[in-house]
Amino acid sequence: MFLLNSNSDYRQPLDPRDAETLDMDAADAVERHLTFRENHAETPLVALPALAAEIGVGSIHVKDEGHRLGLGSFKALGGAYAVIRLVLKEAAHRLGRAVDVSELHSSDVREVAETMTVACATDGNHGRSVAQGAQLLGARAAIFVHAGVSDERVAAIARFGAEMIRVDGTYDDSVREAARIAEEKGWTIVSDTSWPGYERIPGLVMQGYTALVREALRAMKQPPTHVFIQAGVGGIAAAIAGHMAIAFGDQRPTFTVVDPARAACLFETARAGHLVTVAHGEPTVMAMLECYQPSLVAWRILSRVADAFMTVEEDEAISVMKRLADPAGNDPAIVAGESGGVGLAGLIRAAGNPEIKQALSLHDHSRIFVVNTEGATDPGKYEEIVGLSAAAVARRDRTGASA
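Residues numbered from 1 in each chain as written. Predicted model: local features only at pLDDT ≥ 70, side-chain atom pairs only at ≥ 80, totals over all residues. Heavy atoms only, no water.

Notes on the sheet that holds strand β7 (residues 188-189)
- Ordered in space as β6-β5-β4-β7, the 4 strands form an open sheet in which the pairing is parallel. Two strands in the sheet have a free side with no partner beyond their single neighbour: β6 (163-167) and β7.
- In terms of strand pairing, strand β4 (residues 117-122) meets β7 through 2 bridges, oriented parallel. In the strand pairing of β7, A119 is matched with I189.
- The strands touched by helix α6 (residues 125-137) within the sheet are β4 and β5 (140-146), with β4 carrying the most contacts at an inclination of about 165°.
- Along the sheet, helix α7 (residues 151-158) makes contact with β4, β5 and β6, crossing β6 at roughly 150°. (Pairing = 2+ DSSP bridges. Helix = DSSP H or I, 4+ residues; strand = E, 2+ residues; numbered from the N terminus. Contact = heavy atoms within 4.5 Å. Axes fitted to C-alpha atoms, helices over the stretch in contact; angles between N-to-C directions.)

Some points on the side chain of H146
- Relative to the elements of secondary structure, H146 occurs in strand β5.
- Separated by 2.5 Å, the side chains of H146 and D123 make a polar contact.
- With sequence-adjacent residues up to four places away left out, H146 is seen in contact with T122, D123, R166, V167, G169, T170, Y171 and S174. (Polar contact = N/O pair within 3.5 Å; in protein donor to acceptor, adjacent residues only side chain to side chain.)

Considering the pattern of salt bridges
- Counted by the stated rule, this structure contains 32 salt bridges.
- Ionic pairing is found between D15 and R17, a salt bridge with its closest N-O pair at 2.9 Å.
- Residue classification places D15 among the buried positions, given a relative accessible area of 14%.
- With a relative accessible area of 46%, R17 lands in the partly exposed category.
- For the salt bridge of R218 with E31, the shortest nitrogen-to-oxygen distance reads 2.8 Å. Taken together, the residues R218 in helix α9 (residues 200-219) and E31 in helix α2 (residues 24-34) connect sequence positions 187 residues apart.
- Judged by relative accessible area, which is 48%, R218 ranks as partly exposed.
- E31 sits in the buried class, given a relative accessible area of 18%.
- Because the salt bridges share partners, they merge into one network encompassing D15, R17, D18, E199 and R300. (Salt bridge = Lys/Arg side-chain N within 4 Å of Asp/Glu carboxyl O. Buried < 20%, exposed > 50% of the residue type's maximum accessible area, 1.4 Å probe, protein only.)

Here we look at the sheet that holds strand β3 (residues 59-64)
- Strand order in this open sheet of 7 strands is β1-β10-β9-β8-β11-β3-β2, and the pairing throughout is mixed. With partners counted over all chains shown, the strands left at the sheet margins are β1 (2-4) and β2 (45-47), one partner each. Between one strand axis and the next, the sheet turns by 20° as a mean value, whatever way the strands run.
- Here 5 bridges tie strand β9 (residues 254-260) to strand β10 (residues 308-312), and the two strands are oriented parallel to one another. Note that in β10 the partner of T256 across the bridge is A308.
- Against the sheet, helix α11 (residues 265-272) engages β1, β9 and β10, with an angle of about 140° to β10.

A short note on the domain arrangement of the chain
- Split by domain assignment, the chain resolves into domain 1 (2-65 + 200-401) and domain 2 (75-190).
- Each of domain 1 and domain 2 has a C-alpha centre, and these two points are 25 Å apart.
- Tallying the contact residues gives 32 residues for domain 1 and 33 residues for domain 2.
- The junction of domain 1 with domain 2 conceals about 2700 Å² of combined surface from both sides, 58% of it contributed by carbon and sulfur atoms.
- The largest per-residue losses of area from domain 1 upon contact with domain 2 belong to F36, R37 and M288, which jointly make up 21% of the total buried on that side.
- Here R153 and D378 are joined by a salt bridge, their closest N and O atoms 3.9 Å apart.
- Applying the counting criterion to the domain 1 and domain 2 interface returns 10 residue pairs in polar contact (both at pLDDT 80 or more).
- Elements that contribute at least two residues to the side of domain 1 that touches domain 2 include exactly α2, α9 and α16 (379-386).
- In terms of residue class, the side of domain 1 that touches domain 2 is built from 16 nonpolar, 8 polar and 8 charged. (Domains from an automatic or database assignment. Buried area = accessible area lost by both parts, 1.4 Å probe. Nonpolar A, V, L, I, M, F, W, Y, C, P; charged D, E, K, R; others polar.)

Points about the UniProt feature "domain: Tryptophan synthase beta chain-like PALP" (unreviewed entry) in the chain
- Here the UniProt feature "domain: Tryptophan synthase beta chain-like PALP" (unreviewed entry) sits at residues 40-357.
- For the annotated span residues 40-357, helix accounts for 46% and strand for 14% of the residues, and the straight-line distance between the end C-alpha atoms is 38 Å. (UniProt positions renumbered as here; feature names shortened; annotations may be inferred.)

Details of the pairing of β5
- With 6 of 7 residues buried, β5 is to be regarded as a mostly interior element.
- Where β4 meets β5, 6 bridges bridge the pair, whose relative direction is parallel. Among the inter-strand pairings, V118 is bridged to a residue of β5, identified as A141.
- Here β5 pairs with β6 via 5 bridges, running parallel. Each residue of the ladder has a partner; that of A142, found in β6, is E163.
- Between the parallel elements β5 and β6, the chain passes through α7 in a crossover that is right-handed. (Right-handed = clockwise from strand over helix to strand, strands pointing away.)

Some thoughts on unusual backbone geometry
- The backbone phi angle of R11 is positive, close to 70°, even though this residue is not glycine.
- One can find R11 in the loop between β1 and α1 (16-22).
- Residue S361 is not a glycine yet carries a positive backbone phi of 55°.
- Locating S361 in the fold gives a position in the loop between α15 (354-359) and β11 (367-372).

Below you can see the structure in the form of C-alpha cells.
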C-alpha cells in the first residue's frame, strides 16, 4: 500500500515545541553528551553502489546502527539519553545549582540517581537503552515486556540489572501497564511513545536520535534526495524527518515512512488524517515495529514533513535481511535484524513500482538515505531467517563502507 501525504497540515511549519526538540542546538547537545559516554563511536555510513545500479537509483547510503553503543540498535541513542537528562535535571533541583553533562559520572549525580527508578515498556531495543542508561548512572530500571518479546531479548535487557516484568497482550498493553504501575509506585516513565499530557520525555528520546542524522550528513558528499525510514510508533521517522526539515528547509529530501503491513498504524493514521489504533492481528516478523498506535508527537511531526507513507510485507522484510547479508557485486555485507532493513525494503518496492516511482520522482540520479535500525538483536532468530550467524555475515568483506 502507498499513499501521498494529503493531510491538511502537510508542509506547514513544525509545532514550535517539536522544532525546539529537534533543532540544531538540541542536536549539538546530544552529540556533546555522547563525548562523555565511554563506549561511544560514530556508526558507519555504508554505500551500496551495486544495489543502487540494480534498482535504478544514483546511490544508496545506509547508516548502520547495528554498531551503536554496544546495544546493536539506534534505540541506544534515545532511552539512555532521556534517562541521563532526567537524572541531571533532578540533580540540579536537589543540589540547587546547574549540573552539566560533564558531571555525568560524579558522586553527586550518582547519589541522586540511586534514589530514582525509571520504567518503560519495550519490544526489546528501547528497554535495553533505558536499562543501560540507568545502570550507567546507578538508578533502578523496571522494564515491561509483552508476550511477543523473545526470551533472548528479555535476557539482553536483564543483563543491565533491570527488573523485568512480563505483561499479557501486545506492546500497547505493556505501555498502559507500565504507566499504571509507575504512577502507583512513583517511578518515572521513560517511554518512546507519547500521548496527551505526556510529551516531554518521548521528545527527549527522539532528540537523542538526531545524532545519527548529524553523523550521516557529515559523512555524505552530497545530501540525500530521498529518505525511506521504517516506523513503529514513529519516533525514529519523526526525528529524522523533523531534523532534516529544519536543516534543509524547502530543499529537504522527499521523506517516505515505511510500516509493516501487519502493524500499519502510521499508514492508517495518514489515511484517516488523525491518530488511529489498528486492530491487533497476526504478529509480524518485524518485531521491533509491531506497534498498533502511533506516538502523538511523532504524528504531529510526520503529518507536516513526511511526503508519503507505505507498507511492506513479511517476505519483503525477510528478503532484504538476506540481500544485505549476501549482497550483490562488491557491496559490503550488513547484519540487519528483522526490522533493520525495512526502510530499504520500502525503497526496493518503490523503485520496482512505476506508479510509486513516478509519485516520488525516483530516478537514476536519486541519492537515497536509509537506516539499518538494528543488527541481530535476537541472534537465534537472525540465524534462523538468514541461514548464517551474524558473526559469519560480519566477517564478510566490508570494503564498501564509505561515504
